[in-house]
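Tertiary structure, described
Listed here are the chains, written in short residue letters.
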Amino acid sequence: MSTTKIGWIGLGTMGNPMSQQLIKANYTVTVYNRTKEKEDAIKAQGATTAPTPSALIQQPDVVIIMVSDDKAIKDIFYGEDGLLSAKTSRKVIINMSTVSPAISKEVAAKCLEQGNHYLDAPVSGSVKQAQEGTLVVMVGGDAAAFEQVKPVLEKLGKLAMRVGDNGAGNVAKLAINTLLGFAAQGLAEAVILARNNGIDPGDLTTLINNSALGSAFGKIKGDAIINDNYKAAFALKLIAKDLRLAKDIGLSTPLGETVYQTFQQAEAEYGNEDIIAIIKQVDHK
């Protein structure tokens, strides 16, 4: 069993399978989740639980956070029983959530004041990659702290790469998710164009998948369109949020503006469905 003790905060769609990877890798894992019912499955696999973030941070060497947005991060760090209230030191706190570079820089400074290191380490990949431990992890923060926790990150992903100082991991993730928005809307528009001119969507996606444009994303989302399956692997509301964050740091290119607008318009009706439900929004235009 690894001697590195892990604290884990957030057992959502991604956090649950990711934390399970660390248990399978024989790490000692303590978890905190706001909704306590979600802790039951992970407890059954050998994790222990903590009642608050401040209680959770006391024992582990490394704390990993996987939640939805900046507001959740503020609650976890600044809340009455938040991480900073514990006043611990010599911890590495890894935020794997997709949040703004600004919140990472702010929290990193607060952590350093207490003698802790903060790394922003968002991931590229969805539920399947989380379950397989094949995510791509992009990291911003202190180089020595990154090297210290790299073996942990490599249990979660096929690649863990430091790309700069605090906030850089978030910038890289927002750039990748902007491209993801392009890919989803582009696939949707191609299917609609072909279908409206008599080409079966299944035939089109077969052609795409065997061309230079073929990709795992295109195959999975093409199959989702064909099977009318919009159950969220990556919810549309999350890419809409990420595009807002990208716009906040300067997204203003022609494609960027178009995809931003389309996803913002789609969020109210299709936000809880998968990202490829954008085809429904585009089809209504």
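Structure shown above.
Okay, so let's go over this structure. (Residues numbered from 1 in each chain as written. Predicted model: local features only at pLDDT ≥ 70, side-chain atom pairs only at ≥ 80, totals over all residues. Heavy atoms only, no water.)

End to end, helix α7 (residues 143-156) covers 19 Å across 14 residues, agreeing with the expected 20 Å (1.5 Å per residue, within 8%). At K150, α7 shows its largest bend, some 55 degrees, and a proline, P151, comes one to four positions later. Along α7, the residues classified as buried are A145, F146, V149, V152, L153 and L156. The backbone nitrogen of A144 lies 3.1 Å from a side-chain oxygen of the residue at the head of α7, namely D142. (Helix = DSSP H or I, 4+ residues; strand = E, 2+ residues; numbered from the N terminus. Expected span 1.5 Å × (residues − 1). Bend = angle between axes of the 7 residues up to and from the residue. Buried < 20%, exposed > 50% of the residue type's maximum accessible area, 1.4 Å probe, protein only. Polar contact = N/O pair within 3.5 Å; in protein donor to acceptor, adjacent residues only side chain to side chain.)

According to the stated counting rule, one finds 1 aromatic pair in the structure shown. Sitting above the plane of the Y260 ring, K247 keeps its charged end 5.0 Å from the centroid. (Phe/Tyr/Trp six-rings, centres within 6.5 Å; stacked < 30°, edge-to-face > 60°. Lys NZ or Arg CZ within 6 Å of the ring centre and 35° of its normal.)

Looking now at the pairing of strand β5 (residues 92-95). Across the two faces of β5 the burial is the same, with V92 and I94 and I93 and N95 all buried. Summarising the sheet, strand β4 (residues 62-65) and β5 pair through 4 bridges and their orientation is parallel. Within the sheet, the bridge partner assigned to I64 lies in β5 and is I94. Note that the unit made of β4, helix α4 (residues 70-78) and β5 has a crossover that is right-handed. Relative to strand β6 (residues 117-120), β5 is paired through 4 bridges, and the arrangement is parallel. Across the sheet, V92 pairs through a bridge with H117, a residue of β6. After leaving β5, the chain enters helix α5 (residues 101-113) and then returns to the sheet as β6, a path that is right-handed. (Pairing = 2+ DSSP bridges. Right-handed = clockwise from strand over helix to strand, strands pointing away.)

Our next topic: α5. Count 3.6 residues to each turn of an α-helix, and residues three or four apart come out pointing the same way. Given a rise of 1.5 Å per residue, 13 residues ought to cover 18 Å, and the 19 Å separating the end C-alpha atoms of α5 matches this to within 8%. Taken residue by residue, α5 has P101, I103, S104, V107, A108 and C111 as its buried positions. Considered in projection along α5, the buried side chains sweep an arc of 150 degrees and stay on one side of the axis. Structural note: α5 exposes A102, K105 and E113 on the side pointing more than 90 degrees away from its buried face. (Arc of directions from axis to C-beta.)

Within the fold, N170 resides in helix α8 (residues 168-195). Contacts of N170, omitting those with residues within four sequence positions, involve S97, V99, S100, P101, S104, D120 and P122. (Contact = heavy atoms within 4.5 Å.)

With that settled, the discussion passes to the environment of I94. Looking at the element boundaries, I94 is found in strand β5. The exposure class assigned to I94 is buried, which follows from its relative accessible area of 0%. Put simply, I94 and L153 are 59 residues apart on the chain and 9.6 Å apart in space, counted from C-alpha to C-alpha. Excluding anything up to four places from it in sequence, I94 contacts V62, V63, I64, I65, L119, A121, V149 and L153.

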